[in-house]
Amino acid sequence: MSRRNVAKKRFPEVDPIYNSYLVSLLITRILKSGKKNLAQNIVISAFEIIRAKTNQDPLMIFEKAIKNASPVVEVKARRIGGSTYQVPVEVSGFRATNLSLRWIIQYARQRVGRTMSIKLASEIIDTANDIGNTIKKKEETHRMAEANKAFAHFKY
């Protein structure tokens, strides 16, 4: 029996300042053109803004925002007999975290503001308080899954 080379999921190293995987995942998602130092500075200043606005630990606010934005179900397209159905599928923990990070950054970039760190801080605070575009996106994803519940028996 031959052994296949199975790719193992690689997790980034823990963030040196906040000692958190989530923060390092956020930094890698913000990254553009390989400028990691710039991405780190954006996250650090965003966390300082969060601390100034809320007088709470920014890491706790960030984790709460990720938890609030993480979807439970999503829809995946599945072709059956020439037609495509949107099949509701449960989201794994890692994918849920990934999606919420992606949405937070996407809607932070769309915000009106001076710097990325201000926009990111505002989006994280809004998401932690269960308001904002990221929460709308999560609810929309859940609504899509609910509307297509009839196709749940087509699961993968």
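My aim in this report is to walk through the structure given alongside it, one point at a time. Here the structure is a predicted model, which means the values were calculated and not measured.

Reading the values: the criteria
- Residues numbered from 1 in each chain as written.
- Predicted model: local features only at pLDDT ≥ 70, side-chain atom pairs only at ≥ 80, totals over all residues.
- Heavy atoms only, no water.
- Helix = DSSP H or I, 4+ residues; strand = E, 2+ residues; numbered from the N terminus.
- Expected span 1.5 Å × (residues − 1).
- Buried < 20%, exposed > 50% of the residue type's maximum accessible area, 1.4 Å probe, protein only.
- Contact = heavy atoms within 4.5 Å.
- Salt bridge = Lys/Arg side-chain N within 4 Å of Asp/Glu carboxyl O.

### Considerations on helix H4 (residues 93-110)
An ideal rise of 1.5 Å per residue puts 26 Å on 18 residues; H4 measures up with 26 Å between its terminal C-alpha atoms. Listing the buried residues of H4 in full gives Ala96, Thr97, Asn98, Leu99, Ser100, Leu101, Trp103, Ile104, Ile105, Tyr107 and Ala108. In this structure, the buried residues of H4 make contact with helix H1 (21-30), helix H3 (58-69), strand S1 (73-80), helix H5 (116-128) and helix H6 (133-147).

### Points about the pattern of salt bridges
Across all of its chains, the model carries five salt bridges by this definition. Here Asp57 makes a salt bridge to Arg51, at a shortest N to O gap of 3.6 Å. Since its relative accessible area comes to 35%, Asp57 is described here as partly exposed. On the accessibility criterion, Arg51 (45% relative accessible area) is partly exposed. Through salt bridges with shared partners, a single network forms among Arg111, Glu123 and Asp126.

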